[in-house]
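Each chain, letter by letter, is given below.
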Amino acid sequence: SCVRYNDRFFPKVQLRRFEFMVFLQRMRRSFYNRFTDKEYKPNPYPTRYIADQDTFSGKWYESDVIDILEERFLDGCYAFPLYEDERFEPEECITRAEAIVFLNRFIEWAIERFR
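Residues numbered from 1 in each chain as written. Predicted model: local features only at pLDDT ≥ 70, side-chain atom pairs only at ≥ 80, totals over all residues. Heavy atoms only, no water.

Q: Account for the environment of isoleucine 66, with residues named and values stated.
A: Its location among the elements puts isoleucine 66 in helix H2 (residues 62–69). On the basis of relative accessibility, which here comes to 10%, the residue isoleucine 66 falls in the buried class. In this structure, the C-alpha to C-alpha distance between isoleucine 66 and methionine 21, residues 45 residues apart in sequence, is 9.4 Å. Those residues in contact with isoleucine 66 that sit more than four places away from it in its chain are Pro46, Gln53 and Phe56. (Helix = DSSP H or I, 4+ residues; strand = E, 2+ residues; numbered from the N terminus. Buried < 20%, exposed > 50% of the residue type's maximum accessible area, 1.4 Å probe, protein only. Contact = heavy atoms within 4.5 Å.)

Q: How would you explain helix H1 (residues 17–35) if you had to name every residue and give the values?
A: Compared with an ideal rise of 1.5 Å per residue, which puts 19 residues at 27 Å, H1 spans 27 Å between its outermost C-alpha atoms and is within 8% of the ideal. Taken residue by residue, H1 has Arg17, Phe18, Phe20, Met21, Val22, Leu24, Gln25, Arg28 and Tyr32 as its buried positions. Buried residues in H1 make contact with H2 and helix H3 (96–114). (Expected span 1.5 Å × (residues − 1).)

Q: Any chance you could break down the packing of H1 against H3 for me, citing the residues and the numbers?
A: Running from N to C, H1 and H3 cross one another at 15°; their axes reach a closest spacing of 12 Å. Between H1 and H3, the angle is such that the two are roughly parallel. Between H1 and H3 lies a crossing whose hand is right-handed. Contacts from Arg17, Phe20, Met21, Leu24, Met27, Arg28, Phe31, Tyr32 and Phe35 of H1 reach H3 at Glu98, Ala99, Phe102, Leu103, Phe106, Trp109, Ala110, Arg113 and Phe114. When the residues that make up the contact of H1 with H3 are grouped by side-chain class, the tally is 14 nonpolar, no polar and 4 charged. (Axes fitted to C-alpha atoms, helices over the stretch in contact; angles between N-to-C directions. Parallel < 35°, antiparallel > 145°, perpendicular 65-115°, else oblique. Left-handed = near helix turned anticlockwise from the far one by under 90°. Nonpolar A, V, L, I, M, F, W, Y, C, P; charged D, E, K, R; others polar.)

Q: Residue-level account of the packing of H1 against H2, with values.
A: Where H1 contacts H2, the two axes come as close as 9 Å, and the packing angle between them is 70°. Considered as vectors, H1 and H2 are oriented roughly perpendicular to each other. The handedness of the crossing between H1 and H2 comes out as left-handed. Residues Phe18, Met21, Val22, Leu24, Gln25, Arg28 and Arg29 of H1 lie in contact with H2, whose contacting residues are Asp64, Val65, Asp67, Ile68 and Leu69.

Encoded structure:
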């Protein structure tokens, strides 16, 4: 049988953290628009401190990354962790372990928020 492009696994593909978070932010917007009565609106006054925010200020992905990093669980804890020194490092490649942690926390957040 023929192997199609979508049937392949690409283990050497590299994805940057900001690309992954923009992907999660788009899913988040879709969830809010599908499962709530209100249209999604980003938080105009983010409060989370991100030490390296100045490195990505003005970039096309800044608002999406900051908006999703602001998301919290119902108990008040942030859904997506930063590094110990409060850095996000958006231009670095995301590891498989980080991707799994972010996906798992996104799933936990979505179940808690929309059940």
